[in-house]
Amino acid sequence: MVMLKHILTVIAVGLVLIGYHPQSLADSAIPDNFNQPAANLITGGQPSQADLKRLKAAGVSKVINLRGPDEAVAFDEQAAAEALGMTYISLPVAGAGDVTVDKARALYQHLQGDDKILIHCASGNRVGALLAIGAHDVNGKAVTESLAFGRAAGLSSLEPKVQAVLSGQSQNK
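What you are looking at is a predicted structure, and each value in this text was computed from that prediction instead of being measured.

Brief notes about helix α6 (residues 143-153)
Thought 1: Of the residues making up α6, those classed as buried are Ser146, Leu147, Gly150 and Ala153. With its buried residues spanning 120 degrees around the axis, α6 presents them on a single face.
Thought 2: Of the residues flanking the end of α6, it is Gly154, one or two places downstream, whose phi is positive at about 125 degrees.

Structure representation (structure tokens):
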């Protein structure tokens, strides 16, 4: 009987673990097309005006846009965010050449405090890239942990660039 109880407990724990992924911890008010790699951090691609309203309702008070001024958007995002009472910050990252330690440090300066923050670019790839670099450079995380954090935030095709930056940082430390 004790053995059966133990087996059932192991099965129940296994089923819980199978269903677990970081998004399952996310606030249900956050639109599905965004990631929540940390409690006060929402990441992803270009939000719509409706997304901004939902994110404001979910407690987001600051929007950091990594898209450049040459990247067309269907509405005035800054005006929309500010009309909702959100702080809006533009920190343009112009592709892989702009994925640098300096840009990551600049981003991490804006992450100070207790604000719930949305960081976005077109797809989330640049967001994840800078967050991974900053996790290593600013927060001292191991390269593997930094890359995992970046992936959770949206890092994809820029991963080789991030790995090159991180390996250069590791050699300099």
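Text resumes after the structure shown.
Thoughts on the nonpolar core
Thought 1: Within the largest apolar cluster, 29 residues are counted, with the highest numbers of intra-cluster contacts made by Ile64, Leu66, Leu111, Ile119, Leu131 and Val162.
Thought 2: Contributions of two or more residues to this core are made by α4 (101-110), β5 (116-120), α5 (125-137), α6 and α7 (159-172).
Thought 3: Among the elements that line this core, the one with the most residues is α5, at seven residues.
Thought 4: Aside from chain neighbours lying at most four places away, what touches Ile64 is Ile89, Leu91, Leu107, His110, Leu111, Ile117, Leu118, Ile119 and His120.
Thought 5: Counting 14 residues, the second-largest nonpolar core is a separate cluster that includes Ile30, Leu55, Ala58 and Phe75.

Observations concerning the environment of Lys161
Thought 1: By the secondary structure assignment, Lys161 is in helix α7.
Thought 2: It is 8.3 Å that separates the C-alpha atoms of Lys161 and Ala129, two residues lying 32 residues apart in sequence.
Thought 3: If near-sequence neighbours (up to four positions away) are discounted, Lys161 is found in contact with Ala96 and Val99.

Thoughts on the pairing of β5
Thought 1: Of all five residues in β5, five are buried; the element is thus mostly enclosed.
Thought 2: The alternating pattern of β5 places Lys116, Leu118 and His120 and Ile117 and Ile119 on opposite faces, both of which are buried.
Thought 3: For strand β2 (residues 41-44) and β5, the ladder comprises four bridges, and the chain directions are parallel. In the strand pairing of β5, Thr43 is matched with Ile119.
Thought 4: The pairing of strand β3 (residues 60-65) with β5 spans five bridges and is classified as parallel. Residue pairing in the sheet places Val63 in a bridge with Leu118 of β5.

Quick word on the sheet that holds β2
Thought 1: Taking strand neighbours across the sheet as the criterion, the five strands line up as β1-β2-β5-β3-β4 in an open arrangement whose pairing is mixed. Edge positions in the sheet fall to β1 (34-38) and β4 (87-90), since each has one partner strand and no second. Ignoring strand direction, the axes of neighbouring strands in this sheet form an average angle of 25 degrees.
Thought 2: Two strands pair when backbone bridges link them, and β1 and β2 are joined in this way by three bridges, in the antiparallel orientation. Bridging across to β2, Ala38 finds its partner in Leu41.
Thought 3: Packed on one face of the sheet, α4 meets β3, β4 and β5 and runs near 165 degrees to β3.
Thought 4: Helix-sheet contacts for α5 involve β2 and β5, and the interaxial angle to β2 is about 135 degrees.

What counts, and at which threshold
- Residues numbered from 1 in each chain as written.
- Predicted model: local features only at pLDDT ≥ 70, side-chain atom pairs only at ≥ 80, totals over all residues.
- Heavy atoms only, no water.
- Buried < 20%, exposed > 50% of the residue type's maximum accessible area, 1.4 Å probe, protein only.
- Helix = DSSP H or I, 4+ residues; strand = E, 2+ residues; numbered from the N terminus.
- Arc of directions from axis to C-beta.
- Core = buried A, V, L, I, M, F, W, Y, C linked by side-chain atoms within 4.5 Å.
- Contact = heavy atoms within 4.5 Å.
- Pairing = 2+ DSSP bridges.
- Axes fitted to C-alpha atoms, helices over the stretch in contact; angles between N-to-C directions.

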